[in-house]
Amino acid sequence: MLIGVIVCGLVEDYAINLVNSIEQISESNDVKCVVIPVKFLGLDYEKALNNKYGYCFNSSVAYSLLSCFDGLIIEMASVLMYADDAVKKQHAALFDKIPHVFISYDKEGSASVSLDNQAGLTEALEYMYKNGARKYAMLGGTPNNVDAMARKACFEEFLVKHDLKYTDKSYQDGSFFLPCDNEADQLVRDNMDADVFVCANDFLVRHIYKALRNHGIRPGSGVSVLGFDDSVICTSTYPAISSIRTDITEVGRTSFNLLMDVIKNNSSEHKIISSQFILRDSICHKEQNLEEDEIHYEFEDFIKHNASDINMNHLENIRTHLGELFDLVDSRDKAGFDETVDAIYKKLDDLFSLDGIECLDWERLSDIFNVNHTNWIKSLTNSSEQQRLTALFIKFYEYVMMVNNYVSPDKRYSEIAKNIGMESFLRETMQFVRNAEANYTRFISNVDFIGIKNAYLYLYDEPVYYMQGEQLVIPEYLNLKAALRDGEAISVALNKQKIKRESIFDNEYVSWDGYSRLLLFPVFSDNILYGVLLCDMKRLGFESSDLFMNQVGSGIRMMNLRIENRQIVDDYEESVRKLREYNITLDTMSKTDSLTGLNNRRGFYMRANTLLELYPSEDKSLIVGYVDMNDLKLVNDRFGHDDGDYALKSIGSVITDFVTEYNGFAARIGGDEFAYIIVVPKEAVSDSYREELYSRFDKFNQTTMKPYNVEVSIGESVIEKGMEKSLDDALRQADELLYYEKKVHKKISILKA
């Protein structure tokens, strides 16, 4: 049996753990699983400047509709995060003719698994209310996001239920993905007397922590902070974040079992996975005296999100030792004190010597042991016994500190090897031999650094130009150019390369020995699809999978260009025509800035010198402008280099719109430096053009949701007929005026209020 799993990328813990859970239960049931990572459906990638062609990942959805699949599991919440109802219905309808299970999406006639996130959030809010919290404020997620709206509704229902104060200032929209320090600060300033700050996810907690500390308030001391999703940052943040956890492993198991029922019995059952409140140090409104019978020792509760990568034998070994340790603590009243303490010392030594103990959530374990220590020491009257018990728990915390600061040699080696491997792969993919087919084999033999031991490279006969929103029509046959079997590259004979599209997951070259899960990635460069890569990438490579596939696409594109060039040699007339086209492309690339798409310094001088042959004239003058971004370093340092790139692209866009109206052009001639040249009527030469450009930046900043303004300084120089002024002279003069402008602009903060 073969099933498909559609998830949104392989970077977030949620998707990774879901995939690993389904993989494990598939393997135990002898079911083959193909994971298809896609990106956000319904997102306008034309406006997503940092990932213009990210929509090409969604072309892989077409493969899930092939008849070779017996059933599908489709995670809808993340995939359709930005989609409206019409897009959601359209996407869901694609799977009507194949057995399927939706995760986090209800559709009549379809089986589904839903996550009851509200249960855990309500539990947390009620817990804090029970312990004295009365004023609540919330930093929400991305507006119109389904999860954000559901969490806001749950928050509001709780306040209404208890007749608690709620105003427009009690809730502030934030973002699940973008920095929102300003929103967090506004919420804190509006709610300085709040007992609790609720955040729509864990990453928003860090913004609230920062805002509270800026106002002299300590999170977790006097004010409680609650996150959501129980992500990996919860235990690495101080104070540790209390959060809402959904058992993603259970989501995966339930989805798989339900799909089996759909395939066999045509079930349309709807199952709900409840969420759980995880109490940590960010909550100060909590019970002061926990009774022993309120403490539950469930092994799964103490596993970090990355435990699915741990060897299962190691995990079972840890489970056994931890259970025995709990048994010793629980049975302390049934044996002698010294005998029990000696046994616990030995069991601690045994536990902390095991492989894989870094997978445990030591923050939660420490909470449990702290409660046990408190309860146990209260029962002792002998001071020497109390001192020995305290020494025992000090020993426990010493072990915990060692584990938290420990990076296993295997993990450290893996990271180093991956970095070296990526560098080698980048180098190898751009070095080709004369034999075109041998290049594919050489190419696929260099992918083991990212955790791939088995891979299959399928290419189309002709590249496919793919536009956003299209449904890919998969060619009837694909060409298996090369295969990697258990780390060994295999060259596929030309007469055996043609594989029917329904057979790409099961043919004489694709072996499922030793694994039960493969991943399917599209091979593309810009908006051109070349084929797909089927591989068994391990979790080690997930976070680098986008970068890896971008390089795969670039490498295949270069190979295609080489093949085409080889064909050019065989036909002289055709070669001349195509070589001219490529020379134009290369020439354009040599004169173009890759980030902004503008001319670079070389391109600017070439175009400017051509323009100077025509102007200035009797009635036309030239204005040469020099533009420099203000505070690029501040944007990079505070918001990240992606935002720095966004700012530079935005500057290029604003200047381009401006110069187009005056028959001019612009260029990026340095890191944050731009230049332009425009043709204007001689009598119109004045500072008005510079002021117009400033005005355009003001209008641009009013339309963005960024927490900062994209600000520039501008200097201009005029070239009129009769002047003995060269282009370099004009640029130098404009640069001097720009320097004066920059001194003025230094007094103005780019941060929005």
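Rules behind the numbers
- Residues numbered from 1 in each chain as written.
- Predicted model: local features only at pLDDT ≥ 70, side-chain atom pairs only at ≥ 80, totals over all residues.
- Heavy atoms only, no water.
- Pairing = 2+ DSSP bridges.
- Helix = DSSP H or I, 4+ residues; strand = E, 2+ residues; numbered from the N terminus.
- Contact = heavy atoms within 4.5 Å.
- Axes fitted to C-alpha atoms, helices over the stretch in contact; angles between N-to-C directions.
- Parallel < 35°, antiparallel > 145°, perpendicular 65-115°, else oblique.
- Left-handed = near helix turned anticlockwise from the far one by under 90°.
- Nonpolar A, V, L, I, M, F, W, Y, C, P; charged D, E, K, R; others polar.
- Expected span 1.5 Å × (residues − 1).
- Buried < 20%, exposed > 50% of the residue type's maximum accessible area, 1.4 Å probe, protein only.
- Arc of directions from axis to C-beta.
- pLDDT = per-residue confidence, 0-100.
- Disulfide = S-S within 2.5 Å.
- Phe/Tyr/Trp six-rings, centres within 6.5 Å; stacked < 30°, edge-to-face > 60°.
- Lys NZ or Arg CZ within 6 Å of the ring centre and 35° of its normal.
- Polar contact = N/O pair within 3.5 Å; in protein donor to acceptor, adjacent residues only side chain to side chain.
- Core = buried A, V, L, I, M, F, W, Y, C linked by side-chain atoms within 4.5 Å.
- Salt bridge = Lys/Arg side-chain N within 4 Å of Asp/Glu carboxyl O.

Focus on the sheet that holds strand β9 (residues 224-226)
The four strands are arranged β7-β6-β8-β9 in an open sheet whose pairing can be described as parallel. In the strand order of this sheet, the two ends are held by β7 (171-172) and β9, each with one partner. Both strand β6 (residues 136-139) and strand β8 (residues 196-199) contribute to a ladder of four bridges, which runs parallel. Within β8, the position partnered with Ala137 by the bridge is Phe197. Against the sheet, helix α7 (residues 181-190) contacts β6, β7 and β8, and its axis sits at roughly 170° relative to β6.

What to know about the sheet that holds strand β18 (residues 620-629)
Spatially, the four strands line up as an open sheet ordered β19-β20-β18-β21, and their pairing is antiparallel. Only two strands of the sheet have a single partner each, and these edge strands are β19 (665-668) and β21 (712-719). Adjacent strand axes in the sheet meet at a mean angle of 20°, parallel and antiparallel pairs treated alike. Bridge analysis of β18 against β21 gives eight bridges, and the strand direction is antiparallel. In the strand pairing of β21, Ile623 is matched with Val718. Packed on one face of the sheet, helix α18 (residues 601-612) meets β18, β19, β20 (673-681) and β21 and runs near 155° to β19. Contacts from helix α20 (residues 641-660) reach β18, β19, β20 and β21, with the element oriented near 10° to β20.

Description of the packing of α20 against helix α21 (residues 688-703)
Relative orientation of the contacting elements α20 and α21 amounts to 130°, with a least axis distance of 10 Å. Looking at the two axes, α20 sits oblique to α21. Here the hand of the crossing between α20 and α21 comes out right-handed. Of the residues in α21, those in contact with Tyr646, Ser650, Ile651, Val654, Ile655, Asp657 and Phe658 of α20 are Tyr689, Glu692, Leu693, Arg696, Phe697 and Phe700. Looking at the contact of α20 with α21 residue by residue, the class counts come to nine nonpolar, one polar and three charged.

Some words on helix α5 (residues 117-130)
For α5, spanning 14 residues, the distance from its first C-alpha to its last is 20 Å, which sits close to the expected 20 Å at 1.5 Å a residue. Taken residue by residue, α5 has Asn117, Gly120, Leu121, Ala124, Leu125, Tyr127 and Met128 as its buried positions. Down the axis of α5, the smallest arc covering the buried residues is 155°, so these residues share one side. Immediately beyond the C-terminal end of α5, within one or two residues, lies Gly132, with a positive phi of roughly 105°.

Brief notes about the confidence of the model for the protein
Within the protein, residue pLDDT values average 83, and 84% of them lie at 70 or more. Residue range residues 289-297 is modelled with pLDDT below 50. Its contacts to residues more than four positions away, or to other chains, number 15 contacts.

Quick word on the state of the cysteines
Counted under the stated rule, the structure contains zero disulfides. We note that Cys199 lacks a disulfide partner, and the nearest cysteine sulfur, in Cys180, lies 8.7 Å from it.

Regarding the packing of aromatic side chains
For the structure shown, the criterion picks out 17 aromatic pairs. Geometrically, the ring pair formed by Phe155 and Tyr166 is edge-to-face, given 6.2 Å between the ring centres and 70° between the ring planes. Residue Phe155 is located in helix α6 (residues 146-161), and its partner Tyr166 is located in the loop between α6 and β7; the two are separated by 11 residues in the primary sequence. Its relative accessible area of 34% is what places Tyr166 among the partly exposed residues. The ring of Tyr129 is capped by Arg134, whose NZ or CZ atom sits 3.8 Å from the centre of that ring. Looking at Arg151, its charged tip hangs above the ring of Phe228, at a distance of 3.8 Å from the centre.

Some details on unusual backbone geometry
Working note: non-glycine residues mostly have negative phi, and peptide bonds are mostly trans. In this chain, Tyr615 is followed by Pro616 through a cis amide linkage whose omega measures 5°. Position of Pro616 among the secondary structure elements: in the loop between α18 and β18. Unlike most non-glycine residues, Asp30 shows phi in positive territory, near 55°. Here Asp30 shows up in the loop between α1 (13-28) and β2 (32-38). Overall, Asp30 belongs to the exposed group, its relative accessible area being 69%. Even without glycine at this site, Asp526 takes up a positive phi of about 55°. Of note, Asp526 is situated in the loop between β16 (517-525) and β17 (528-535).

Let's talk about the side chain of Arg517
Following the sequence through the fold, Arg517 ends up in strand β16. Here the side chain of Arg517 touches Glu23 through a polar contact of 3.4 Å, side chain to side chain. A polar atom in the side chain of Arg517 sits 2.7 Å from the backbone oxygen of Met537. Those residues in contact with Arg517 that sit more than four places away from it in its chain are Val19, Asn20, Glu23, Cys33, Val35, Trp512, Asp536, Met537, Lys538 and Phe542.

A closer look at the nonpolar core
Counting residues in hydrophobic clusters, the biggest one holds 53 residues, and the most contacted among them are Val34, Tyr63, Tyr458 and Phe505. For Val34, the contacting residues outside a window of four places in its chain are Leu2, Ile3, Gly4, Val5, Phe69, Phe505, Trp512, Leu518, Leu520 and Leu534. Counting residues in each nonpolar core, the second largest holds 52 residues, with Ile452, Ala482, Phe521 and Met549 among its members.

Digging into the side chain of Ser255
Structurally, the position occupied by Ser255 is in helix α9 (residues 248-265). When its relative accessible area of 0% is taken as the criterion, Ser255 is described as buried. Once residues lying within four places of it in the same chain are set aside, the contact partners of Ser255 are Ile73, Val101, Ile103 and Val113.

A closer look at the pattern of salt bridges
Tallied over the full model, the rule gives 29 salt bridges. Here Arg245 and Asp230 are joined by a salt bridge, their closest N and O atoms 2.5 Å apart. Here Arg245, found in strand β10 (residues 243-246), pairs with Asp230, found in the loop between β9 and β10; they are 15 residues apart in sequence, far enough to count as distant. Exposure class is identical for Arg245 and Asp230. Each is buried. When salt bridges with common partners are traced through the structure, they connect Asp230, Arg245 and Arg280 into a single cluster.

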